[in-house]
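Notes for the structure review
Each chain, letter by letter, is given below.
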Amino acid sequence: MSVLAIPVDRWRRPALGLLGVVLAAAVVEALPRLGLVDERFLPPFSRMVTGLTEQLALAEFWTALGQTLGGWALGLAIAMIAGVLAGVVIGSVPLLRAITSSTIEFLRPIPSVALIPLVVLIYGSRLPSALILIVYAAFWQVLVQVLYGVADVDPVVRDTARSYRFSRWGVIRSVVWPTTLPYVVTGFRLAAAVALILEITAELIIGVPGLGRSIGVAQSSGAVTETYALVLFVGIIGVAVNGFARAVEKRTLRWHTSVRRDLA
Amino acid sequence: MTVILDVNGLAKTYTGHGRSVEAVRDLTFQIRKGELVCIVGPSGAGKTTLLRCISGLLDTSGGRISLDGTAVTGPPAGMAVVFQEYGRSLFPWLTVRQNIELPLKEKGLGRSERAAKIDAALEAVGLRDSADAHPWQLSGGMQQRVAIARAVAYEPSVLLMDEPFAAVDAQTRADLEDLVRRLWHQLGVTVLFVTHDIDESVYLGQRVLVLSNRPTVILEDVPVDLPDERDQLGTRSSAAFTEIRTHVYELVQKAKQGHRPGGR
Ligand SMILES: Nc1ncnc2c1ncn2[C@@H]1O[C@H](COP(=O)(O)OP(=O)(O)OP(=O)(O)O)[C@@H](O)[C@H]1O
Ligand SMILES: [Mg+2]
């Protein structure tokens, strides 16, 4: 039974997932068609798809997509660099760690959207507004992971490096960084998702150029199908971003999991 | 011969977490250049503590340690340590070759010089075929040889080894013991070898320092008057060997029962 069960199990999850998507699409198709929901509020699924294909033919759509992905990538990159640098420095200096820990615990739970009034005041509906929201939200994800990673350096490995008189930079480069890398990648995955949410939020609420603003414009001009089509597409971006981040994570974690398995 | 390592009145009390443990009370001994000295003592006697103090990884609470006439305040140049937890002291993300290479890089050696030393060290410990494996792909005995190869390639003037063969089988252990003797002969390095195996200490050493139980002092400094050429069968079955090992055995038994010289 187990010989047969392996392939079945392997395909079961994605197959069931796909079935769920198909069912959801069918429900969305059926509800307006059966007159259970007003078409003006929820067009049938097939019309959303048609609306989306129409969008794909428009230059404005691609511009907006580029702006969304550009803002997302830039904000994510800044948050990654800042989070890694701050994490390695704070994590490597026990005094700094002690001083900052309560501050981090205070600042971290502040939702980034609470900063919207502030950034609107300073930057209006320009890109920096979105960047600040993204960086604020994503930075903590990265920082906390990197702090875990730096703390995970094996004391025996640390002593080994010290006894061979590694320089401070040598310890960071050859000992701290390799240990922390898997945590950095996890931080990257979490931050990538958060950054996308904040990018769309900034576009939708503040009007920073991008797909979120297109959704807002479509909605306020009563283009219901277009609105749904764009929302659908943003959902697809979210899935793609998550898939990409997981692929990166899996690649980087390869030696780590094999080590864990062999030591266990 | 000149004294290379001078330990004078060493004391170490661990404090912290609301309790203090007096691990080492008063240790005084000297090691001459090129000697191979073994240290035996009951478990928890403070052998690891002593080695960590000598290697500059641990601050002392009293007394003085000097290497080549210079007081030890941090990890000194020209010293290599093989840790008790050898598996954890190897860098798991690096191959065997890279593990040996890293301290040489930090020492500032050029590429070709490094390659030559790595090859020689791998050859000496019989691991040429495993150069590109990762440590976690090797057996415990092989990992231990990697740690030894790394120390040997570093060309220290003093080599500290902390119960390096505690976790390997009897046959591997015998091979590694002969390896240590051979490398010591070849390199003219001073070796301080900690073990709790009495036979091993007599087989390997020119002298055996027997420690009391905690708080530690030296119970006796036993000279090992055996021929320089030693072999596992002949040496271990000789009458002289038996006599010395019986003496050391009795000392360790006394140590366990709490006997202390001069009632200190
Ligand atoms: N970091 C520490 N904090 C507090 N006490 C410690 C610490 N490290 C060791 N000790 C105590 O110091 C004493 C000596 O420990 P040490 O590890 O030096 O013994 P050892 O002779 O190496 O033992 P073994 O043969 O089991 O390795 C022990 O009683 C131990 O509990
Ligand atoms: Mg020990």
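About the cut-offs
Residues numbered from 1 in each chain as written. Chains lettered and ligands numbered in written order. Predicted model: local features only at pLDDT ≥ 70, side-chain atom pairs only at ≥ 80, totals over all residues. Heavy atoms only, no water. Near = heavy atom within 4 Å. Polar contact = N/O pair within 3.5 Å; in protein donor to acceptor, adjacent residues only side chain to side chain. Areas by Shrake-Rupley, 256 points an atom, 1.4 Å probe, with all protein chains shown as cover. Nonpolar A, V, L, I, M, F, W, Y, C, P; charged D, E, K, R; others polar. Domains from an automatic or database assignment. Contact = heavy atoms within 4.5 Å. Buried area = accessible area lost by both parts, 1.4 Å probe. Salt bridge = Lys/Arg side-chain N within 4 Å of Asp/Glu carboxyl O. Helix = DSSP H or I, 4+ residues; strand = E, 2+ residues; numbered from the N terminus. Buried < 20%, exposed > 50% of the residue type's maximum accessible area, 1.4 Å probe, protein only.

**Observations regarding the site of ligand 1**
All names here are of chain B. Every residue near ligand 1 is listed here: Tyr14, Ala23, Ser43, Gly44, Ala45, Gly46, Lys47, Thr48, Thr49, Gln84, Glu163 and Arg214. Within the side chain of Tyr14, an N or O atom sits 3.4 Å from a nitrogen atom of ligand 1. Here an oxygen atom of ligand 1 and a side-chain polar atom of Lys47 are 2.8 Å apart. A total of 640 Å² of accessible area belongs to ligand 1 in isolation, and the protein chains cover 65% of it. The residue makeup of the shell around ligand 1, split by class, is three nonpolar, six polar and three charged.

**Focus on the domain arrangement of chain A**
Residue and element names in this part refer to chain A. Along its sequence, chain A is carved into domain 1 (1–39) and domain 2 (43–263). Averaged C-alpha coordinates put domain 1 and domain 2 at centres separated by 30 Å. Domain 1 puts six residues into the contact, and the matching count from domain 2 is six residues. Taken together, the two surfaces of domain 1 and domain 2 that pack against each other cover about 550 Å², and 55% of this comes from carbon and sulfur.

**Quick notes on the pattern of salt bridges**
According to the stated counting rule, one finds 23 salt bridges over all chains in the structure shown. A salt bridge links Arg88(B) to Asp154(A); its shortest N-O distance comes to 2.9 Å. One end of the pair, Arg88(B), is in helix 2 (residues 86–89); the other, Asp154(A), is in the loop between helix 6 (127–151) and helix 7 (155–163), on a second chain. Accessibility expressed as a relative area gives 22% for Asp154(A), which makes it partly exposed. Here Arg173(B) ties to Asp197(B) by a salt bridge, and the two come within 3.5 Å at their closest N and O atoms. Remark: Asp197(B) occurs in the loop between strand 8 (190–194) and helix 7 (198–204) and Arg173(B) occurs in helix 6 (residues 170–187); sequence separation between them is 24 residues. On the basis of relative accessibility, which here comes to 24%, the residue Asp197(B) falls in the partly exposed class. Connected through shared salt-bridge partners, Arg173(B), Glu177(B), Asp197(B), Glu200(B) and Arg236(B) make up one network.

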